[in-house]
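# Summary of the model geometry
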Amino acid sequence: MFVGHALGAFAVVAGGARLLGQPRGRSLALGASAGAFAAAPDVDILYAPVGLAEAGGVADAAESFWSAGNLVHRAVTHSLVVGTVAALALWLWSHARSENSNGERAGSLLVLGGLVGVAGVVSGPLGALVMGAFALTSLAIAELAARYGDLGPKAVFLTALFGLLSHPFGDLFTGEPPQFLYPFDAQLVSERLVFLTDPTLHLLGTFWLELGTIWLAALVYCELTDRSLASHVHGRAALGVAYAAAALALPAPTVDSSYEFVFSVLAVGAVGPAPFVRHAHRPRRALDGERLLTAGLTGLAAVSLASVAYAVVYLVF
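As a starting point, this report considers the structure included with it. (Residues numbered from 1 in each chain as written. Predicted model: local features only at pLDDT ≥ 70, side-chain atom pairs only at ≥ 80, totals over all residues. Heavy atoms only, no water.)

When helices and strands are counted, the protein chain shows 13 helices and zero strands. In sequence order, the protein chain lays out its α and β elements as α-α-α-α-α-α-α-α-α-α-α-α-α. By the burial criterion, 47% of the 317 residues in the protein chain qualify as buried. Considering only contacts within the protein chain whose residues lie at least 6 apart along the sequence, 74% involve residues at least 24 apart. Roughly 15,500 Å² of accessible area belongs to the protein chain as shown, and the carbon and sulfur atoms make up 67% of that amount. (Helix = DSSP H or I, 4+ residues; strand = E, 2+ residues; numbered from the N terminus. Buried < 20%, exposed > 50% of the residue type's maximum accessible area, 1.4 Å probe, protein only. Contact = heavy atoms within 4.5 Å. Areas by Shrake-Rupley, 256 points an atom, 1.4 Å probe, with all protein chains shown as cover.)

Nonpolar side chains collect at one region of the surface, where Trp-208, Leu-248, Val-308, Val-312, Val-316 and Phe-317 lie side by side and expose about 650 Å² of accessible area between them. At three residues, the largest contribution of residues to the nonpolar patch is made by helix H13 (residues 289-316). Looking at where Val-308 falls in the secondary structure, it is placed in helix H13. (Patch = residues over 30% accessible without salt bridge, like charges linked within 9 Å, V, L, I, M, F, W, Y side chains within 5 Å. Salt bridge = Lys/Arg side-chain N within 4 Å of Asp/Glu carboxyl O.)

Let's shift gears to the packing of helix H2 (residues 24-39) against helix H7 (residues 153-166). Across the interface, H2 lies against H7 with an axial gap of 7 Å and an inter-helix angle of 45°. Judged on the interaxial angle alone, H7 and H2 are oblique. As H2 packs across H7, the resulting crossing turns out to be right-handed. Contact residues: Arg-26, Leu-30, Ser-33, Ala-34, Phe-37 and Ala-38 in H2; Ala-155, Val-156, Thr-159, Ala-160, Gly-163, Leu-164 and Ser-166 in H7. Tallied by class, the residues present in the contact of H2 with H7 amount to eight nonpolar, four polar and one charged. (Axes fitted to C-alpha atoms, helices over the stretch in contact; angles between N-to-C directions. Parallel < 35°, antiparallel > 145°, perpendicular 65-115°, else oblique. Left-handed = near helix turned anticlockwise from the far one by under 90°. Nonpolar A, V, L, I, M, F, W, Y, C, P; charged D, E, K, R; others polar.)

Let's shift gears to the packing of aromatic side chains. For the coordinates displayed, the defined rule picks out five aromatic pairs. Taken together, the aromatic side chains of Phe-207, Tyr-243, Phe-261 and Tyr-310 make up a single cluster linked through ring pairs. (Phe/Tyr/Trp six-rings, centres within 6.5 Å; stacked < 30°, edge-to-face > 60°.)

Summed over all chains, the structure comprises three salt bridges. Between Glu-143 and Arg-147 there is a salt bridge whose closest N-O contact spans 3.4 Å. Taken together, the positions of Glu-143 and Arg-147, both in helix H6 (residues 102-148) and four residues apart, correspond to about one turn of that helix. For Glu-290, the salt bridge identified is with Arg-227, shortest N-O distance 2.7 Å.

Looking at the element boundaries, Tyr-310 is found in helix H13. Under the relative-accessibility criterion, Tyr-310 is labelled buried at 1%. Along the sequence, Tyr-310 and Phe-261 sit 49 residues apart, while their C-alpha atoms lie 9.9 Å from each other. Those residues in contact with Tyr-310, other than ones at most four positions away along the chain, are Leu-204, Tyr-243, Ala-244, Ala-246, Ala-247, Pro-251, Ala-252, Pro-253 and Phe-261.

Set out below in structure tokens:
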């Protein structure tokens, strides 16, 4: 749900800022900052590619990838405690940047370094490595937000706090619950939340939650850029309905064995950029932002229709 984390935070913050009277450009900058921070905790998956090297074949690749990644996934970077401390350190860094204060900058690095040290003690060298990557990623986002988004220390702090603290809650429906209170040995939530007892319908529910989040972000973006969302969805998205046949051809997927379903249904989104790719040799056409948006939203609509069609056939047969 990497994309969902980022776009969900973007939609809430950008849309909320606009409702509170912020200019459109400012709202977009705040949303982009929150979205980037909301994606940062998933830097902990950087260790997962090690699993690919150990995989025995293509069929074993996905399982090996996630087995390696889950050694630290949803732990050191998915903590409300870590997120709050990191947001405070980023406020200090941004304030030091605006005041050109080397002392505050050093203080920020000291706090982030402390997080790395704690992760090393609690989770070993791998935990320290992941926390270090998280700290560097967060610092980079704070710098970009200040430099290109013209966000001050308060805005960086608030968007970082919202992004980092909202991320773990989006993981409650898939896999193991995050370690909300890391590094403390206490479990806030012990089991994943379940939409429906049928494991396939639960998977579809989480998939639709992700799609709904993306649609909300698209709606907010179109509103803030004075675009019509509906005008950027081409009729070829209806081709996604043909994916219904997959319900008869593929084994019923679950959250724990979702790869065939997820990869195949996402492939349906290719109907969106297909004409765009066909004309990619035309530079002006290839760089047209409106066509890019149409390609993306048409693909999203095709995937949405494909998942609904799959669910209908699954329920009937």
